[in-house]
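Each chain, written out:
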Amino acid sequence: MMLFTPGPVAVHPAISSAQELEMITHRGKQFQTIYQPLAADLKAMLNAAEAHVMTGSGTLGIEANVQNALPLGGKALVLSNGAFGDKLKEHCALYYETAFVRLNDAKGWNLERAKPHIDKASTAGVRLFCMVHHETSPGILNKVGEICRYAKSKGMLTLLDGTSAWPAYSLNHADDAVDFYSWATQKALGCPPGLVVVSHSPDAAAAIEAAPIRSNFMNLKAYRKFALKGETPFTPAISIIYSLRAALDLLKKETQPAFIARYGKMAKHVRDRLASMGFSLVVEEGFESGTVTAFYCQKNKEINSMLQAEHQVKLGGGHADWADTTLRFCNMGDMDIAKLDKGLDALETVKAELGLPQGA
């Protein structure tokens, strides 16, 4: 099956085969010699004060960051424009009094749109600003740097859900004024599922130490303590850590700017091909994703079923506000233009078989 889904994604053979390396214990020098340079590379690539690898899904990283951010009685602001921003609000509301603003119609967040809400929240004593870096449900790339820098200037800690973002989009903790960040390795980086990375600024590290312990497994104080000796507090998914190492080696060889440019070129190719077939794109101009392209189509579920049955092609289904009216064509993982064209050709064939009109 060719996966054009928002994660898990097709895995490069060098990343996949790394899982076959010999199993080792997670305590002692053998693991430390793998994990210490891995964490150091992540810290450097994100320009973070620290970075930790946790075993679990993207949701684990988000909730770990959220629950370790503020003391009792803290207040948060969440800006959303899709299903995962909505979910971020649910995480925050478990622990804090949470203000919530939803931007609809697949519109992206920029500073102009966010500023009045940040100003209002700041006046109300909100100390934690939260939003999604890349909203996967329709494929929106929010302007997080300008927004987080402003929220930080208003005295807030800043927290981004980057689950499907890094390394397809740049993130620099210092330059972008981001305190808490998390991303899942099975998305843009193209690893097998099972790991999430959390990274922090110096202000986030101080906040973690001041926050109460609300969980054992998601206690970031413990991750900070064990990191001093190059270990994790609990048994990690060692085989997938091998894959993460292999994926970061490939990324370093290519360089992240080249990686971002390659993904962007593929996403433009997808948009151009979809437009040539008469499909309308969902996201407003200027906020287009470099990895996920949502497009309106009639009979979206029937199209996806036929693609799988007849062509061994799987697209991302419509999600959230767009569940019944769209599909998502994604270009993450072990992907190139030739593979994209196989999926796009199959889509064009199925569209013709169903007799869908131009602009369907």
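Keep in mind that this is a model prediction, so the values were computed, not measured. (Residues numbered from 1 in each chain as written. Predicted model: local features only at pLDDT ≥ 70, side-chain atom pairs only at ≥ 80, totals over all residues. Heavy atoms only, no water.)

Participant: Residue-level account of the side chain of asparagine 304, with values.
Facilitator: Relative to the helices and strands, asparagine 304 is located in helix H11 (residues 300-311). Taking relative accessible area as the criterion, asparagine 304 reaches 6% and is therefore assigned buried. A polar side-chain atom of asparagine 304 sits 3.0 Å from the main-chain carbonyl oxygen of leucine 315. Each residue touching asparagine 304, except ones within four places of it in the same chain, is listed here: Val313, Lys314, Leu315, Gly316, Gly317 and Leu327. (Helix = DSSP H or I, 4+ residues; strand = E, 2+ residues; numbered from the N terminus. Buried < 20%, exposed > 50% of the residue type's maximum accessible area, 1.4 Å probe, protein only. Polar contact = N/O pair within 3.5 Å; in protein donor to acceptor, adjacent residues only side chain to side chain. Contact = heavy atoms within 4.5 Å.)

Participant: Provide a residue-level description of the pairing of strand E14 (residues 326-330), including the pertinent values.
Facilitator: For E14, a buried count of five out of five residues is recorded, marking the element as mostly surrounded by other parts of the structure. Residues Thr326, Arg328 and Cys330 line one face of E14 and the alternating positions Leu327 and Phe329 line the opposite face, and both faces are buried. Bridge count between strand E12 (residues 292-296) and E14: five bridges; the pairing is antiparallel. For threonine 293, the partnering residue across the bridge sits in E14 and is phenylalanine 329. In this sheet, E14 lies alongside strand E13 (residues 313-317) in antiparallel orientation, the contact comprising two bridges. (Pairing = 2+ DSSP bridges.)

Participant: Residue-level account of helix H5 (residues 111-123), with values.
Facilitator: A rise of 1.5 Å per residue sets the reference length of H5, with its 13 residues, at 18 Å; its end C-alpha atoms lie 17 Å apart and thus fit the reference within 8%. Of all the positions in H5, only Ala114, Ile118 and Ala121 are classed as buried. Contacts from the buried residues of H5 go to strand E3 (75-80), strand E5 (128-132) and helix H6 (144-153). Backbone geometry just after H5 places glycine 125 at a positive phi near 85°. (Expected span 1.5 Å × (residues − 1).)

Participant: So, the sheet that holds strand E10 (residues 195-200): which residues are in play, and what are the values?
Facilitator: Here we have seven strands laid out as an open sheet, ordered E2-E10-E9-E8-E5-E3-E4, and mixed in their pairing. Pairing within the sheet leaves two strands with one partner each, and these edge strands are strand E2 (50-55) and strand E4 (97-102). Taking each pair of neighbouring strands and ignoring which way they run, the sheet shows an average axis angle of 20°. Pairing of E3 with E5, which is carried by four bridges, proceeds in the parallel orientation. By the bridge assignment, leucine 79 is partnered in E5 with methionine 131. Contacts from helix H7 (residues 202-210) reach E2, strand E8 (157-161), strand E9 (180-184) and E10, with the element oriented near 100° to E10. (Axes fitted to C-alpha atoms, helices over the stretch in contact; angles between N-to-C directions.)

Participant: Account for the sheet that holds strand E11 (residues 280-281), naming residues and giving values.
Facilitator: Strand order in the open sheet made by the five strands is E1-E13-E14-E12-E11, with mixed pairing throughout. This sheet does not close on itself; its edge strands, each paired only once, are strand E1 (2-4) and E11. Strand direction decides the pairing type here: E1 and E13, joined by three bridges, are parallel. Within E13, the position partnered with methionine 2 by the bridge is valine 313. Contacting E11, E12 and E14, helix H10 (residues 256-276) crosses the sheet at an angle of about 10° to E12. With respect to the sheet, helix H12 (residues 337-353) is in contact with E1, E12, E13 and E14, its orientation differing from that of E1 by roughly 85°.

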